[in-house]
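What the coordinates show
Residues per chain are reported as follows:
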Amino acid sequence: MAEEMKRKLSKKEVVKAFWRWTFFSHANYNYERLEATGLVFAMKPVIKKLYGDRPDEYKACIQRHMQFFNTEPHIGGVIPGIVLAMEEERANGAPITDEAINGVKTGLMGPFAGIGDTLWQGTLTPILLAFGISLGSQGNLLGPVIYTLLMFGIMFPVAYICWMKGYQLGKEGIEKILGGNQLQMLITGASAMGAIVLGALSAQFVTVKCSAIIKLGALQMNVQETVFDKLFQGILPLAVTLFTLFLLKNKKMKATTVMLILVVIGVVLGAVGFLGA
C-alpha cells in the first residue's frame, strides 16, 4: 500500500477555496494579470497548508500563480480544481514543474473560457433574462426575483461540480501521468492548444490596415492590397501581435506600458497616413 500523503487537503479546504474563487475571482480584475490575484486569494489557505513551513516554496507558489490567468469563472473553475490537485502532489514530492502547472492553466483557460461564455453568457443568461424581463415588463416584481434565484440556483451547483471534478480528475490522473511520458505530452499539448487559441484570437480581433496609396502619374497603388495582402495575408496584425509579445516577454514591460506604446505608434502612423480604418 502506498504511503499516505503527509500533506493532504481536506474536502473542507477544497470547498473553501471554491467559495473564495467564486466570490473573488474578479475582485481585482486588471489588464496586466486579469484573474491571477483572485486565483491566488482563493488558493492562499491551500498554499499556506502545503508550503507554510517552506518559505521559499511558499513564495515560489504565489509567484507561480500570479502569472496571467483568465477564464470563465464557473465552467472554467475546473482548471483551478486541477491545479489544486497538482500543487498537492507537488508538495508531497511529485516531480511536477512550474512549466507543467502553468502549461495546464494557459492551455485550458482559453477553451474553457469559450465553452463557459457560450453556455453561460451566450445561452443561459439570455434565456433567463428573457423570462424575467417578460414578467417585469408586465409590472410583475417576480420577474427580477425569479431571474436572480434561477441564475444563482443554476450557477452555484454547476460551478461547484466543475471545481470538484477538476480536483478529483487532477488527483486521480496525476499518478498515471507521472508513470510515463504523459506529463511531457500533457505540457506540450496544453501549450500547443494555448498557442493555437491565442493565435486564432489574434487573427480575429487584431485589426491593422495600411491606408497608404502610392501615386505614379495617373496610376494609384493601394499598398495594403497590392503589397501586404499579396505578400502575406494578415501580416500587419501578425507583426503587431509579435511586437506586443516581444515587449511583454522579452522586455518584461507592463501591459499598460505596452498599450501606451501601441497607442502612440498608431497615432503617429495614422497622422502620416500610413495606417487607417
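What you see is a predicted model, and the numbers here were worked out from it, not measured in a lab.

Calculation notes
Residues numbered from 1 in each chain as written. Predicted model: local features only at pLDDT ≥ 70, side-chain atom pairs only at ≥ 80, totals over all residues. Heavy atoms only, no water. Helix = DSSP H or I, 4+ residues; strand = E, 2+ residues; numbered from the N terminus. Buried < 20%, exposed > 50% of the residue type's maximum accessible area, 1.4 Å probe, protein only. Contact = heavy atoms within 4.5 Å. Areas by Shrake-Rupley, 256 points an atom, 1.4 Å probe, with all protein chains shown as cover. pLDDT = per-residue confidence, 0-100. Core = buried A, V, L, I, M, F, W, Y, C linked by side-chain atoms within 4.5 Å. Salt bridge = Lys/Arg side-chain N within 4 Å of Asp/Glu carboxyl O. Patch = residues over 30% accessible without salt bridge, like charges linked within 9 Å, V, L, I, M, F, W, Y side chains within 5 Å. Axes fitted to C-alpha atoms, helices over the stretch in contact; angles between N-to-C directions. Parallel < 35°, antiparallel > 145°, perpendicular 65-115°, else oblique. Nonpolar A, V, L, I, M, F, W, Y, C, P; charged D, E, K, R; others polar. Phe/Tyr/Trp six-rings, centres within 6.5 Å; stacked < 30°, edge-to-face > 60°. Lys NZ or Arg CZ within 6 Å of the ring centre and 35° of its normal. Lys, Arg positive; Asp, Glu negative; His and termini not counted. Arc of directions from axis to C-beta. Polar contact = N/O pair within 3.5 Å; in protein donor to acceptor, adjacent residues only side chain to side chain. Pairing = 2+ DSSP bridges.

Per the secondary structure count, the protein chain includes ten helices and two strands. Across the 277 residues in the protein chain, those meeting the buried criterion constitute 34%. The contacts of the protein chain with a sequence gap of at least 6 include a subset with a gap of at least 24, amounting to 68%. Taken as a whole, the protein chain presents about 16,400 Å² of accessible surface, with 67% of it coming from carbon and sulfur.

Mean pLDDT over the protein chain works out to 84, with 88% of the residues at or above the 70 mark. Taken element by element, the predicted model of the protein chain shows its lowest mean pLDDT in helix H7 (residues 182-205) (67) and its highest in helix H1 (residues 11-24) (94).

Counting 35 residues, the largest nonpolar core has Val14, Leu84, Met86 and Trp163 as the members making the most contacts within it. When residues of this core are traced back to their parent elements, those giving at least two are H1, helix H2 (36-51), helix H4 (78-91), helix H5 (98-136) and helix H6 (142-178). When residues in this core are grouped by element, the largest group, eight residues, is from H4. Residues within four places of Val14 in sequence aside, it is in contact with Leu9, Leu84, Trp163, Met164 and Tyr167. Residues Val208, Ala212, Phe228 and Leu236 belong to the second largest nonpolar core, which totals seven residues.

In this section: the pattern of salt bridges. Per the stated rule, a full pass over the model turns up six salt bridges. The closest approach of N and O atoms between Asp98 and Arg64, which form a salt bridge, is 3.0 Å. Here Asp98 is found in helix H5, whereas its partner Arg64 is found in helix H3 (residues 55-65), with 34 residues between them in sequence. The partner of Asp98 in a salt bridge is Arg90, with the nearest N and O atoms 2.7 Å apart. Residue classification places Asp98 among the partly exposed positions, given a relative accessible area of 29%. Connected via shared salt-bridge partners are Arg64, Glu87, Arg90 and Asp98.

Among the surface-exposed residues, Leu231, Phe232, Leu238, Leu242 and Leu245 lie close enough to one another that they form a single nonpolar patch of about 490 Å² accessible area. Tallying contributions element by element places helix H9 (residues 235-250) first for the nonpolar patch, with three residues. Structurally, the position occupied by Leu242 is in helix H9.

What follows deals with the packing of H4 against H5. In contact at an axis separation of 10 Å, H4 and H5 are set at 170° when each is read in the N-to-C sense. Viewed along their axes, H4 and H5 adopt a mutual orientation that is roughly antiparallel. Where H4 abuts H5, its residues Val78, Ile79, Ile82, Val83, Met86, Glu87 and Arg90 lie against Asp98, Ala100, Ile101, Val104, Lys105, Leu108, Met109 and Phe112. Residue composition of the contact of H4 with H5, grouped by class: eleven nonpolar, no polar and four charged.

The subject of this paragraph is the packing of aromatic side chains. Taken as a whole and assessed by the stated rule, the structure comprises ten aromatic pairs. An aromatic cluster of three or more residues is present, and its members are Phe18, Trp19, Phe23, Phe152, Phe156, Tyr160 and Trp163. Here Arg20 stacks its cationic end above the ring of Phe41, 3.8 Å away from the centre of that ring.

Within the secondary structure, Lys105 sits in helix H5. Here Lys105 occupies a buried position and makes no salt bridge, while the nearest side chain of opposite charge, Glu87, is found at 7.4 Å. The residues contacting Lys105, other than those within four sequence positions of it, are Leu39, Arg64, His65, Phe69, Ile79 and Val83.

The next thing to look at is helix H8 (residues 223-231). Every buried residue of H8 is listed here: Val223, Gln224 and Phe228. Buried residues along H8 cover an arc of 75° about the axis, so they all sit on one side. Pointing more than 90 degrees away from the buried face of H8 are the exposed residues Glu225 and Lys230. Turning to H8, the residues buried within the fold contact strand S1 (213-216), strand S2 (219-222) and H9. Two or three places before Gln224, at the opening of H8, Asn222 has a side-chain oxygen 2.9 Å from that residue's backbone nitrogen.

Turning next to unusual backbone geometry. Even without glycine at this site, Leu34 takes up a positive phi of about 55°. Among the structural elements, Leu34 can be located in the loop between H1 and H2. Positive phi values are uncommon outside glycine, yet Lys252 reaches one of about 55°.

What follows concerns the pairing of S2. Bridge count for S1 against S2 is four bridges, and the pairing is antiparallel. Residue pairing for S2: Lys215 is matched across the bridge by Gln220. Between S1 and S2, which pair antiparallel and follow one another directly, the connecting turn spans two residues, one of which, Gly217, has a positive phi of 70°.

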